[in-house]
Amino acid sequence: MGSFYGKKIRIGEINPKTGTAWALEDVPTYWVAVTKKWLEQN
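The rules behind each value
Residues numbered from 1 in each chain as written. Predicted model: local features only at pLDDT ≥ 70, side-chain atom pairs only at ≥ 80, totals over all residues. Heavy atoms only, no water. Salt bridge = Lys/Arg side-chain N within 4 Å of Asp/Glu carboxyl O. Buried < 20%, exposed > 50% of the residue type's maximum accessible area, 1.4 Å probe, protein only. Helix = DSSP H or I, 4+ residues; strand = E, 2+ residues; numbered from the N terminus. Arc of directions from axis to C-beta. Contact = heavy atoms within 4.5 Å. Axes fitted to C-alpha atoms, helices over the stretch in contact; angles between N-to-C directions. Parallel < 35°, antiparallel > 145°, perpendicular 65-115°, else oblique. Left-handed = near helix turned anticlockwise from the far one by under 90°. Nonpolar A, V, L, I, M, F, W, Y, C, P; charged D, E, K, R; others polar.

Asks: Before we move on, could you go through the pattern of salt bridges and cite the residues and values that matter?
Replies: Inspection of the entire model under this criterion finds one salt bridge. The partner of glutamate 13 in a salt bridge is lysine 8, with the nearest N and O atoms 2.7 Å apart. On the accessibility criterion, glutamate 13 (32% relative accessible area) is partly exposed.

Asks: Let's hear about helix H2 (residues 32-41): which residues, and what values?
Replies: Along H2, the residues classified as buried are Thr35, Trp38 and Leu39. End-on, the buried residues of H2 take up no more than an arc of 100°, which puts them together on one face. For H2, the exposed residues lying more than 90 degrees away from the buried face are Ala33, Glu40 and Gln41. Against the buried residues of H2 lie helix H1 (2-11).

Asks: Which residues make up the packing of H1 against H2, and what values do they have?
Replies: Contact geometry of H1 with H2 gives a least axis separation of 8 Å together with a crossing angle of 60°. When the axis of H1 is compared with that of H2, the two are oblique. The element H1 and its partner H2 pack so that their crossing is right-handed. Residues Gly2, Ser3, Tyr5, Gly6, Lys7, Ile9 and Arg10 of H1 touch H2, and the partners they reach there are Val34, Thr35, Trp38 and Leu39. Its residues assigned to classes, the contact of H1 with H2 comprises five nonpolar, four polar and two charged.

Everything listed here is a matter of coordinates, which is why it stays silent on function.
Encoded structure:
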């Protein structure tokens, strides 16, 4: 799931809940650490 959310952040996909591009703050709490690690490595 880290790559799933990481890719959304990288490509600037719009988050339907916020109406803005995905950001780390939008990622569910359970997946934040994994997503952050994925972003650092890729």
